Amino acid sequence: MRLFSTLFSLLLLAIVVVGFVAIAAFDHYSQNLPEYAYLKDYQPATLSRIYADDGRMMAVVASEQRLFIPINEIPKRVTDAFLSAEDSDFYEHSGVDYLGIVKAAIMNLQNIGSDRRPRGASTITQQVAKNMLLTNEFSISRKIREAILATRLEKALSKERILEIYLNEIFLGNRSYGIAAAALNYFNKSLDELTLAEAAYIAALPKAPNNYNPVRDHAAAVARRNWVLERMAESGRIAPDEAKIAQNDPLEVRTRDEKESVTADYFSEEVRRQLVEKFGEQQVLEGGLAVKTSLDPRLQNAATKALHDGLVTFDRRNRGWRGPVAHLNDLDDLQKKLKGIAIPAGSDGWQMAAVTGLKSTEAQLAFADGAKGTIPWAEMSWARRELADNKFGPAIRMPLDVLKVGDVVLVEPVSKNDQGKPYPERTFTLRQVPVVQGAIVVLDPHTGRVFAMKGGFSTKISQFNRATQAMRQPGSSFKPFIYMAALDKGFTPASMVSDSPSDYEQGPGLPLWRPENYGGEDFGNLPFRQGIEKSQNVMTVRIANAIGMATVVEYAKKFGIADDMPELLSFSLGAKETTPLRMVTAYGMIVNGGKKIVPSLIDRVQDRDGKTLWRADTRECLGCHTEGWTTELTPPDIPDTREQIQDPRSAYQMVNILQGVIQRGTAGRLRGIDFPLAGKTGTTNDSKDAWFIGFTPDLVCGVYVGFDNPVPLGSKETGSSVAVPIFQAFITEAIKGKAPIPFRVPPGLRMVRVNPQTETLALPSDKNAIWESFIPGTEPQEGQSRPILGVSYEGLPFASEGVPTEPDPNAPPTPPQDTSEPLAPSTPTSQMAPPVPPQPSAPPSTTGTGGLY
């Protein structure tokens, strides 16, 4: 009896001691625990999504790829799968499952020696405490702190809130944070589309996602999924028969179909930059923004292909062959060796192959997958070796002059040759990543919405966006703004300008400057229009000198081409650097009738709850919000708030003149396109930059090509030969299925039929006559002599001395001078435009004249 009392006392003492120790430990580990109250309103970092105009996904911006799904929107089969796998008694325990710990210990002892997976005892609440508040350190102290926090979390949060945090926070491999991201990344499905087997697989991942990769570790992944299904049946959440059926389902990863998404890397990156600038990096990376952009996938695809093919074509024509990707000394274990060679950056869509044989007419190929193919001579005849200083190696006559057996090269499948004759199957063309770069931008001239953008050959080579970041000289593509300013100063499309060279003072201590035309030719006295159509430098400088460089700078600023520009005459030829996006926007303001637009890539930004944070179009639309729509309702009148920065009449006159660039000028290769088109080429000194900005009534597209380290493109390369073909490839695709719409003519213009070579009234027999636009009273008259800018020596005040005119012995007597106020505003004599032609008192001759618009 005494022994029993002693043992009982010792046991009681031990219990008291353990109790005190437990209390002391609890008190010790409760110190400095992290604050958890914020979890009540916690919103996890959620990815921001960027969408194209048609609603397809373009890109995701995130620190962690996560989509937040409220607990009441998560399907029951998904929560059942996770509860069965991770915490079957979640709704019974208070944070720590003591009974579960005992059960797990007993079961694990029973399973010693079997191949069954050891069963854990951490509850979902404990995992939330660890993941959200603690570290992954493996220690007794961390487990104690985890248990303490779990019990406190259960008191502070509801079970549903704890489960919601867990399911949205857990990392599940494959760049997936949370169950919604996992469903998309593994199966390309939303949660409600998951099958039972797919939900069980996702629930199998929390413990070790890298060990159950469905591609790399397929057998282990299936076994783990089937274990979850077994646990669901054991817990009564599904029937045993359901588990057996689901266990027989194949485990297949499904990636997003190309048709479900849009690839526009440069566009997406520019959107990301703008979002960070507007909302800050943290909000963009973690705020779950939904970003609707202006990108048109069809136009983007056309622009991407046009620029890609254009740069490749130029590289073939002008740079030569730079050699194979690699060379194999022997062809043993060929497939293994090919798989070990890194694919060059920028070669997306191309394949890598080894040359296994050479014949007089073709090269034989082998691929990493064991397939065979050939490159016919016609598909490599361009590949003369590239040498230094833009020179070529010796002429090539057969495949052996280009390739060697063992060369590893880039190739692309082709189905027909340049003449359209079909090739046999498995025929390829020789490829190489071009070193030249470029950009293409497409926008709506009426709104400024950017439909397409590609800022280089590939973002994998460089993420530098040449459409928005490259400051390059626009060359002759700047000329329309000088000529439009001249129209506002009193010039007309029929004004005559001398194209003969002249010297200009550049400033104190500087030599005289004599601008020259491309090719060194001059064409005497030419109508104003032909200065644009033929891109005459001498005429342009003469006109800029007449209106004054202060006016030229004013127009460059007004149209957003440059924020500032020196008032130096040489800048009239496009010497001031700008970006393709700025140039395209400026041309948009010509075609839209002189309305100011701001280029925009983002239409609307919403937060994770759908609230609009920002939108590009801030106009109020009274009457847009209605419960229903009937034919009796009048469509709402949305105000046009665009600033009028240019006289719509001179803007249309320039549009009309720029149509001549295509019909008779430097962009003549576009003449065969049966659609209203206008535009202007541009080439800078030494052909370092090539441009073409072209437009239809409702679309503007700008193309720029040049080397990042500015060097000449080639002695004979111009905007006509380099940029125009890229525009042609794009616009041919862009207008497919579109009905032609003529350029819109504003009120206040008289359309007159003239001879485009002389800008005199056309005869009925003139087959090449065009309709020219004039401000009423400035149109040419029969027998009228016209002043010629530049025939008198430069600097003579026009107002006092006049400008010599070309005598016409066959002309009738000059009509009386009109004493009405000239159209040209009063300006200093050094900036005066030519005098306005005499105004007739009688209506113009009916010969070749049109109506007033």
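It should be emphasised that the depicted structure is a prediction, and the values quoted were computed from it without experimental measurement.

Quick notes on the confidence of the model for the protein chain
So, point 1. Overall, the prediction assigns the protein chain a mean pLDDT of 85, with 84% of residues at 70 or greater.
So, point 2. Contacts of residues 24–29 to residues separated by more than four positions or lying in other chains number six contacts, the stretch itself having pLDDT below 50.
So, point 3. Low pLDDT, under 50, characterises residues 793–853; the predicted model gives this stretch 99 contacts beyond four residues in sequence or across chains.

Focus on the side chain of Asn-656
So, point 1. You can see Asn-656 is positioned in helix H20 (residues 648–663).
So, point 2. Of the residues examined, Asn-656 reaches a relative accessible area of 8% and is grouped as buried.
So, point 3. Non-local contacts of Asn-656, meaning those with residues more than four positions away in its chain, are made with Arg-529, Met-751, Trp-771, Glu-772 and Ser-773.

Remarks on the packing of aromatic side chains
So, point 1. The tally for this structure, following the rule as stated, stands at 21 aromatic pairs.
So, point 2. One aromatic cluster in this structure is built from Phe-478, Phe-481, Tyr-555, Phe-559, Tyr-587, Phe-695 and Phe-743.
So, point 3. Between the NZ or CZ atom of Lys-534 and the centre of the ring of Phe-523, over which it lies, the distance is 5.5 Å.

Concerning the sheet that holds strand S20 (residues 699–706)
The strands making up a sheet associate through hydrogen bonds between their backbones, and the pairing can be parallel or antiparallel.
So, point 1. Spatially, five strands are ordered S13-S12-S20-S19-S18 in an open sheet, and the strand pairing comes out antiparallel. Each end of this open sheet is capped by a strand with a single partner; those strands are strand S13 (450–454) and strand S18 (678–683). Sheet twist, expressed as the mean angle between neighbouring strand axes with direction ignored, is 5°.
So, point 2. Sheet topology note: the strand S12 (residues 437–443)/S20 ladder contains seven bridges and is antiparallel. For Leu-443, the partnering residue across the bridge sits in S20 and is Val-700.
So, point 3. Of the strands in this sheet, S12, S13 and S20 touch helix H13 (residues 297–318), which is tilted by about 30° from S13.

Overview of unusual backbone geometry
For residues other than glycine, phi is negative in most cases, and the peptide bonds are mostly trans.
So, point 1. The backbone phi angle of Asp-333 is positive, close to 50°, even though this residue is not glycine.
So, point 2. Among the secondary structure elements, Asp-333 is positioned in the loop between strand S4 (326–327) and helix H14 (334–339).
So, point 3. Positive phi values are uncommon outside glycine, yet Glu-759 reaches one of about 60°.
So, point 4. Checked against the element boundaries, Glu-759 lands in the loop between strand S21 (750–754) and strand S22 (770–774).
So, point 5. Residue class for Glu-759 comes out buried when judged on its relative accessible area of 0%.

Some thoughts on the sheet that holds strand S16 (residues 602–606)
So, point 1. Across the sheet, which stays open at both edges, the five strands sit in the order S2-S1-S3-S16-S17 with mixed pairing between neighbours. One side of each edge strand has no neighbouring strand; the edge strands of this open sheet are strand S2 (57–61) and strand S17 (612–615). Neighbour-to-neighbour, the strand axes of this sheet turn through a mean angle of 15°, independent of strand direction.
So, point 2. The pairing of strand S1 (residues 48–51) with strand S3 (residues 290–293) spans three bridges and is classified as parallel. Counted as the bridge partner of Ile-50 is Val-291 from S3.
So, point 3. Running over the sheet, helix H11 (residues 265–279) touches S1, S2, S3, S16 and S17 and is turned about 55° from S16.

Parameters at a glance
- Residues numbered from 1 in each chain as written.
- Predicted model: local features only at pLDDT ≥ 70, side-chain atom pairs only at ≥ 80, totals over all residues.
- Heavy atoms only, no water.
- pLDDT = per-residue confidence, 0-100.
- Contact = heavy atoms within 4.5 Å.
- Helix = DSSP H or I, 4+ residues; strand = E, 2+ residues; numbered from the N terminus.
- Buried < 20%, exposed > 50% of the residue type's maximum accessible area, 1.4 Å probe, protein only.
- Phe/Tyr/Trp six-rings, centres within 6.5 Å; stacked < 30°, edge-to-face > 60°.
- Lys NZ or Arg CZ within 6 Å of the ring centre and 35° of its normal.
- Pairing = 2+ DSSP bridges.
- Axes fitted to C-alpha atoms, helices over the stretch in contact; angles between N-to-C directions.

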